[in-house]
Amino acid sequence: MSLKKGRFLFLVVTMCVLALAVAVGGCRKAPAEQPPVVEPAPAPEPEPVVQAYEPPPEPAPMPEPAPAPPPPPVKKVELGDVFFAFDKFDLTEESRTTLADNADILMDNPDARILIEGHCDERGTREYNLGLGERRANSAQKYLVSLGISPSRIETISYGEDRPFEMGHNEAAWSKNRRAHFVVR
Amino acid sequence: MTGHFLRNATFAIILLSITPADALAKVYLDINAPATRKLPVGIPVPVPLEGTVPDPVLSGEIRDVLAGDLTFSGVFRVLDPLLYLEDEDQAGIRINTFLFDDWELINSEALIKTGYSVGPSGDVELEFHLFDVFQRRELVAKKWRGTVGQVRRMAHMFANEVMERITGGDGIFLTSILYVQSGGGGKEIHLMDYDGKNTRRITDNGSINLSPSWWPDRSGLIYTSYKEGSPDLFSLSLDGKERRLTRGLGIDVGAKISPDGRTIAFMGSTDGNPDVFLADREGRVRNRLTVLRSVDGSPAWSPDGRRIAFISDRYGSPQIFVMNADGSDVQRVTYDGNYNTSPAWSPTGDLIAYTSRVNGRFGIFLVNPDTLEARPLVGEAGDNEDPSWSPDGRFIAFTSNRTGHYQIYLVDREGRREIRVTSGRRDKFSPSWSPR
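Residues numbered from 1 in each chain as written. Chains lettered and ligands numbered in written order. Predicted model: local features only at pLDDT ≥ 70, side-chain atom pairs only at ≥ 80, totals over all residues. Heavy atoms only, no water.

## What to know about the overall build of chain A
From N to C terminus, chain A includes 5 helices and 4 strands. Expressed as a percentage of its 185 residues, the buried residues of chain A come to 41%. The long-range fraction of contacts in chain A, counting pairs at least 24 apart against all pairs at least 6 apart in sequence, stands at 78%. In the structure as shown, chain A presents an accessible area of about 10,600 Å², 61% of it carried by carbon and sulfur atoms. (Helix = DSSP H or I, 4+ residues; strand = E, 2+ residues; numbered from the N terminus. Buried < 20%, exposed > 50% of the residue type's maximum accessible area, 1.4 Å probe, protein only. Contact = heavy atoms within 4.5 Å. Areas by Shrake-Rupley, 256 points an atom, 1.4 Å probe, with all protein chains shown as cover.)

Now the structure itself:
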């Protein structure tokens, strides 16, 4: 009985916390009940939360669950990388297509901010490659901006040859490492 | 996690006695003459003194350092111990305690004798003598006391004395080399003696740390680190004090300090465009020297501090240029090949070493910045990159992957003698040879 009650309480509190996280300002009445949250730790942990979304299970004493919690914004924004020739930072036709797709996705996700990483293959001089990586990231950024993406949403960083995607020492690996890589924040 | 690497050096080596300077300060060999013959030198095994128990490990290490230094110098030819006639058990190390004839017979023009004694507390005393065999006289003698960990250092110190006495120039055997080592996802700055021994880790932050460069007084270094996010410049003194010199987005990399120690040249970027910048030693007052929409970077000071070599791909591919330290009078220096990078101006001022791509592989080249005459130095095998000059301008350190992993090599400026000083499976690159 008491276990069931504790579990119910946990659920309610979890819902509260959830509501707090999603709908800002909700659940102001609950603060006195929050400390127990720490205690029932041995109870099943994050799994019940997921179930709580689908059939809202009769939350009797819940005062304001009015705005049904929408699914958290875990919708992944994924952007395609663009690739370059050795010692080049100019965009190919294929790269422009990829960047146009990326711009469309960014238009659909106006809150997404991105970091463009410029990368080079291992050949050549580190410092020069850092400069080259900077230019590659910059090329991609400029093209996105020209398509209408606000520059304030884009940051760039060059890793030169120091964070390769492929560890091989052949053209197959090198061609994958000469890229502008998009990280969504 | 820095500053632990100098612990060894905190105990001073004590000079115990010194032979009065020889009035005849004759220089035996001119190391700058084009085809100098090598001076044959005998280096018998160091002997225990004053009742010390023989220690073959200790004596072997002392001899290895002396023979290694003098062979590397290119000035000496160390005679094979199999030739030595002297009775090791009978001969002493001081004049009149051995026979010069034993050495003259095998044409050993110079002779280095060493004795060691180990005190009750583990302190080691080393006594070195350099003799002119044909004139039958002592040229220099030194006696030092230090810890067991300082034995190599004391031997390097005497090798420097020998160089100075024989050639009139300062030896480089106490210099060291900073480099970057890959491992565990990070790249950390390391330090080693010039001969690859006594390696120490300088940074330990798990991030990417690059392009170390010495302060001219050898008190510390500047390097680039991603540890705060974007690549910025940090200054680290050898006693562990660190200052961040630049911040913000964009790259700041490849810092080189002017010979007078007052100005830092580096590749920075604004709006994604890399250029050569100058800053004061605190990293303030960013002053942009290049203005084109090209990659301009890798600055290298001329020894008089008035000119800066740098790379630029303003004509489509990276080439070496030089300019005045205020950005004026830009002149192109390299014309051969379509990929010439990482310039290093020799301490003697007459050459710029750089990396050049030939047939898809990278080699070290030298170019005279006045005549624009260029010649290959290293490039028979593998990729060879990142030249850095020894402080006397006679040698170049570089990295090569000819064994499958990047290792640090040393070569003389004629490209004749080449030695690998590191090993292991972790890549090591970007050597920076210390001042004296």
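There's plenty left to go through after this.
## A closer look at the domain arrangement of chain B
Frequently, the measure chosen for interface size is the accessible area removed from exposure when the parts meet. Residue and element names in this part refer to chain B. Domain parsing of chain B yields domain 1 (12-167) and domain 2 (176-433). Inter-centroid distance (C-alpha atoms) of domain 1 to domain 2 is 36 Å. The interface of domain 1 with domain 2 comprises 13 residues on the first partner and 11 residues on the second. Inspection of the domain 1/domain 2 interface yields 1 salt bridge. One salt bridge connects Asp195 with Arg152, and the closest N-O pair in it is separated by 3.1 Å. Elements represented by at least two residues in the side of domain 1 that touches domain 2 include exactly helix H1 (56-73) and helix H3 (151-167). (Domains from an automatic or database assignment. Salt bridge = Lys/Arg side-chain N within 4 Å of Asp/Glu carboxyl O.)

## Structural notes on the interface of chain A and chain B
Between chain A and chain B, the contact holds 24 residues from the first and 38 residues from the second. Carbon and sulfur atoms supply 55% of the area buried between chain A and chain B, which totals about 2,500 Å² over both sides. Its largest share of buried area at the contact with chain B, chain A owes to A:Glu127, A:Tyr128 and A:Arg135, together 27% of the area lost on that side. Taken together, chain A and chain B are joined by 1 salt bridge. A salt bridge links B:Lys187 to A:Asp162, with the nearest nitrogen and oxygen atoms 3.4 Å apart. (Buried area = accessible area lost by both parts, 1.4 Å probe.)

## Let's talk about H1(B)
All names here are of chain B. A rise of 1.5 Å per residue sets the reference length of H1, with its 18 residues, at 26 Å; its end C-alpha atoms lie 25 Å apart and thus fit the reference within 8%. Of the positions making up H1, those classed as buried are Leu58, Ser59, Ile62, Arg63, Val65, Leu66, Ala67, Asp69, Leu70, Phe72 and Ser73. Its side-chain oxygen placed 3.2 Å from the backbone nitrogen of Val57, Asp55 serves as the N-cap of H1. Backbone geometry just downstream of H1 places Gly74 in the positive-phi region, at approximately 80 degrees. (Expected span 1.5 Å × (residues − 1). Polar contact = N/O pair within 3.5 Å; in protein donor to acceptor, adjacent residues only side chain to side chain.)

## Here's the deal with the pairing of strand S2 (residues 39-42) of chain B
Residues and elements named next belong to chain B. Taking every second residue as pointing to the same face, both faces of S2 are buried, with Leu39 and Val41 on one and Pro40 and Gly42 on the other. Across 3 bridges, the pairing between S2 and strand S4 (residues 76-78) is parallel. Counted as the bridge partner of Val41 is Val78 from S4. Across 2 bridges, the pairing between S2 and strand S5 (residues 110-118) is parallel. Looking at S5, one finds that Gly42 is bridged to Leu111. (Pairing = 2+ DSSP bridges.)

## Observations regarding the sheet that holds strand S22 (residues 331-332) of chain B
All names here are of chain B. In spatial order, the strands read S19-S20-S21-S22; together these 4 strands make up an open sheet with antiparallel pairing. Because the sheet does not close on itself, it has two edges, and the strands there are strand S19 (296-301) and S22. Pairing between strand S20 (residues 307-312) and strand S21 (residues 319-324): 6 bridges, direction antiparallel. Opposite Ile308, over in S21, you have Met323 as the bridge partner.

## Here's the deal with the sheet that holds strand S31 (residues 428-433) of chain B
Residues and elements named next belong to chain B. Taken together, 4 strands build an open sheet; the order of strands is S10-S9-S8-S31 and the sheet is antiparallel. Looking at the sheet topology across the chains shown, the edges are occupied by strand S10 (200-201) and S31. Sheet topology places strand S9 (residues 186-193) next to S10; 2 bridges connect them, and they run antiparallel. Looking across to S10, one finds that His190 is bridged to Arg201.

## Structural notes on H3(B)
All names here are of chain B. The terminal C-alpha atoms of H3, which comprises 17 residues, lie 24 Å apart, in line with the 24 Å expected from a rise of 1.5 Å per residue. Extensive coverage of H3 is indicated by the burial of 14 of its 17 residues. Count one or two residues on from H3 and you reach Gly168, which has phi positive near 80 degrees.

## Overview of the packing of helix H3 (residues 93-108) of chain A against helix H4 (residues 126-146) of chain A
Residue and element names in this part refer to chain A. At their nearest, the axes of H3 and H4 sit 9 Å apart, and the two run at 55 degrees to each other. The angle between the axes of H3 and H4 places the two elements in the oblique class. Here H3 and H4 pass one another in a crossing that is right-handed. On H4, the residues touching Arg96, Leu99, Asn102, Ala103 and Leu106 of H3 are Ala140, Tyr143 and Leu144. Within the contact of H3 with H4, the residues separate by chemical class into 6 nonpolar, 1 polar and 1 charged. (Axes fitted to C-alpha atoms, helices over the stretch in contact; angles between N-to-C directions. Parallel < 35°, antiparallel > 145°, perpendicular 65-115°, else oblique. Left-handed = near helix turned anticlockwise from the far one by under 90°. Nonpolar A, V, L, I, M, F, W, Y, C, P; charged D, E, K, R; others polar.)

## Observations concerning the environment of B:Leu249
One can find B:Leu249 in the loop between strand S14 (242-244) and strand S15 (252-257). Excluding anything up to four places from it in sequence, B:Leu249 contacts A:Glu155, A:Thr156 and B:Ser230.

## Concerning the pattern of salt bridges
Residues and elements named next belong to chain B. This model, assessed by the stated rule, comprises 37 salt bridges over all chains. Residue Arg307 pairs with Asp329 through a salt bridge whose shortest N-O separation is 3.3 Å. Separated by 22 residues along the polypeptide, Arg307 in strand S20 and Asp329 in the loop between S21 and S22 bring together distant segments of the chain. The class of Asp329 is partly exposed, set by a relative accessible area of 40%. The partner of Asp383 in a salt bridge is Arg361, with the nearest N and O atoms 3.1 Å apart.

## Structural notes on the packing of aromatic side chains
Note on aromatic pairs: each is described by the distance of the centres and the angle between the planes. All names here are of chain B. On inspection of all chains with the given rule, the structure shows 19 aromatic pairs over all chains. For the ring pair Phe100 and Phe131, a centre distance of 5.8 Å and an interplane angle of 75 degrees mean the geometry is edge-to-face. Taken together, the residues span a long stretch of sequence, with Phe100 in helix H2 (residues 100-104) and Phe131 in strand S6 (residues 124-132) at a distance of 31 residues. For Phe131, a relative accessible area of 0% gives the class buried. Summarising the aromatic geometry, the rings of Phe128 and Phe158 are spaced 4.7 Å apart at their centres and angled 10 degrees between planes, so their arrangement reads as stacked. (Phe/Tyr/Trp six-rings, centres within 6.5 Å; stacked < 30°, edge-to-face > 60°.)

## Quick word on the pairing of strand S16 (residues 263-270) of chain B
The side chains of a regular strand alternate, first on one face of the sheet and then on the other. Residue and element names in this part refer to chain B. Burial runs high along S16: 6 of the 8 residues are buried. Taken together, the 4 bridges between S15 and S16 define a ladder with antiparallel strand orientation. By the bridge assignment for S16, Asp252 is matched with Gly268. Hairpin geometry of S15 and S16 is characterised by an intervening segment of 5 residues between the two adjacent antiparallel strands and by a positive phi of about 75 degrees at Gly261. Where S16 and strand S17 (residues 273-280) come together, 8 bridges link them in antiparallel fashion. Bridge pairing in S17 places Met267 opposite Val276.

## As for the nonpolar core
Formed by 45 residues in total, the largest nonpolar core has its most connected members in B:Ile62, B:Phe76, B:Ile112, B:Leu130, B:Phe158 and B:Trp433. Here B:Phe158 is in contact with B:Leu66, B:Ile112, B:Phe128, B:His129, B:Leu130, B:Val140, B:Lys142 and B:Trp144, once residues within four sequence places are set aside. Core analysis: the second largest hydrophobic core is formed by 40 residues, A:Leu130, B:Val333, B:Val367 and B:Phe429 among them. (Core = buried A, V, L, I, M, F, W, Y, C linked by side-chain atoms within 4.5 Å.)

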